[in-house]
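Each chain, letter by letter, is given below.
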Amino acid sequence: MTVFLQSIAGWPGAVFLQEYWIAYLVVNAAHILGIGLLLGAILPLDLLLLRSMHGRDLPVLGPFLVRAAATGTTLAVITGLWLFSVKPAEYVENPAFLCKAALLVLAICNIALQHHGERFDAALCGQPTVRVRALAAASAILWLSILIAGRWIGFV
């Protein structure tokens with residue numbers, strides 16, 4: 001495991017961030033931007049799915065919020081992995097990082113469950129089922145928990 005983690009830390013992208021603090025600053029800012037875009041889209045979408053009875057807002061806002069959340073997730077995951085590569089041995093020993101990683105896996109599984117089948121598409125047309133609402137509630141809880149775990153990393 002140590003050899004694998006050392007090879008990650010020796011990756012040219014990691015070395016670049018280790019040598020150029022401005023590059024690290026920019027990638028870190030991009031990570032925060034991705035998180036902001038993700039949470040700024042997924043939380044309103046989850047709330048719309050939870051509260052929508054007739055779904056007038058969902059057909060208008062839903063598709064945009066889904067795309068914005070996907071863009072934010074992609075940016076946050078790519079930049080997060082890049083930041084991880086700078087000190088992978090430290091991160092794998094950090095309980096907050098491990099918690100965040102586990103929650104991230106659960107959140108991605110929740111996304112897969114939510115988007116599996118036609119229920120989510122029907123929900124975006126204004127007919128959220130109990131299953132879609134339950135997964136939306138889980139989504140909001142998971143993403144907020146990931147945010148908290150991510151902030152916790154620097155304090156342990």
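Computed from a predicted structure; not experimentally measured.

### A short note on helix α4 (residues 58-84)
Reasoning step 1: Between the first and last C-alpha of α4 there are 36 Å, a value that for 27 residues agrees with the 39 Å anticipated at 1.5 Å per step.
Reasoning step 2: Every buried residue of α4 is listed here: Leu 58, Gly 62, Leu 65, Ala 68, Ala 69, Gly 72, Thr 73, Ala 76, Thr 79, Gly 80, Leu 83 and Phe 84.

### Details of helix α6 (residues 95-115)
Reasoning step 1: Relative to the 30 Å expected for 21 residues at 1.5 Å per residue, α6 spans 30 Å between its end C-alpha atoms, a close match to the ideal helical length.
Reasoning step 2: For α6, the full list of buried residues reads Ala 96, Phe 97, Lys 100, Leu 103, Ala 107, Asn 110 and Gln 114. Projected down its long axis, α6 carries its buried residues within an arc of 135 degrees, all on one side.
Reasoning step 3: Along its buried surface, α6 packs onto α3 (21-51), α4, α5 (88-91), α7 (119-124) and α8 (130-152).
Reasoning step 4: Phi for Gly 117, located one or two positions after α6, is positive at around 85 degrees.

### Concerning the layout of surface pockets
Reasoning step 1: As a volume, the largest pocket reaches approximately 800 Å³.
Reasoning step 2: Forming the boundary of the largest pocket are 26 residues, of which His 31, Gly 80, Lys 100, Gly 150 and Ile 153 lie nearest the centre.
Reasoning step 3: The set of elements that each furnish at least two residues to the lining of the largest pocket consists of α3, α4, α6 and α8.
Reasoning step 4: By residue class, the composition of the lining of the largest pocket is 18 nonpolar, six polar and two charged.
Reasoning step 5: Roughly 240 Å³ of volume is contained in the second largest pocket.

### Description of the packing of aromatic side chains
By convention here, two paired aromatic rings are described through the distance between centres and the angle between planes.
Reasoning step 1: Tallying each qualifying case throughout the model produces five aromatic pairs.
Reasoning step 2: Look at Phe 16 and Tyr 20: their rings are 5.2 Å apart centre to centre, the planes differ by 45 degrees, and that puts the pair in the tilted class.

### Quick word on the packing of helix α2 (residues 12-19) against α3
Reasoning step 1: Relative to each other, α2 and α3 sit at 110 degrees, their axes nearing to 5 Å. The pairing of α2 with α3 is recorded here as roughly perpendicular in orientation. Across the interface between the two elements, Phe 16, Leu 17 and Glu 19 of α2 pack against Trp 21, Ala 23, Tyr 24 and Val 27 of α3.

### Some thoughts on the nonpolar core
What tends to happen in soluble globular proteins is that the nonpolar side chains get buried as a cluster.
Reasoning step 1: Ranked by internal contacts, the top residues of the largest apolar core, which has 22 residues, are Ile 42, Leu 45, Leu 49, Leu 58 and Trp 143.
Reasoning step 2: For this core, the elements supplying multiple residues, two or more each, are α3, α4, α6, α7 and α8.
Reasoning step 3: Examining the composition of this core, we find that seven residues originate from one element, α3, more than from any other.
Reasoning step 4: Those residues within four positions of Leu 58 in sequence are excluded, and the remaining contacts are Leu 45, Leu 48, Leu 49, Ser 52, Pro 63, Ala 123, Leu 124, Gly 126 and Pro 128.
Reasoning step 5: The next biggest cluster of nonpolar side chains, apart from the first, holds seven residues, and it includes Leu 5, Phe 84, Ala 96 and Phe 97.

### Notes on the environment of Ala 134
Reasoning step 1: Relative to the helices and strands, Ala 134 resides in helix α8.
Reasoning step 2: Residue classification places Ala 134 among the partly exposed residues on the basis of a relative accessible area of 46%.
Reasoning step 3: Sequence spacing of Ala 134 and Leu 50 is 84 residues, and the spatial spacing of their C-alpha atoms is 8.0 Å.

Analysis parameters
Residues numbered from 1 in each chain as written. Predicted model: local features only at pLDDT ≥ 70, side-chain atom pairs only at ≥ 80, totals over all residues. Heavy atoms only, no water. Helix = DSSP H or I, 4+ residues; strand = E, 2+ residues; numbered from the N terminus. Expected span 1.5 Å × (residues − 1). Buried < 20%, exposed > 50% of the residue type's maximum accessible area, 1.4 Å probe, protein only. Arc of directions from axis to C-beta. Contact = heavy atoms within 4.5 Å. 1 Å grid on protein atoms, 1.4 Å probe; cavity = no way out; pocket = protein on both sides within 12 Å on 5 of 7 lines; lining within 4 Å. Points joined across faces, edges and corners; volume = space filled by probe spheres on them. Nonpolar A, V, L, I, M, F, W, Y, C, P; charged D, E, K, R; others polar. Phe/Tyr/Trp six-rings, centres within 6.5 Å; stacked < 30°, edge-to-face > 60°. Axes fitted to C-alpha atoms, helices over the stretch in contact; angles between N-to-C directions. Parallel < 35°, antiparallel > 145°, perpendicular 65-115°, else oblique. Core = buried A, V, L, I, M, F, W, Y, C linked by side-chain atoms within 4.5 Å.

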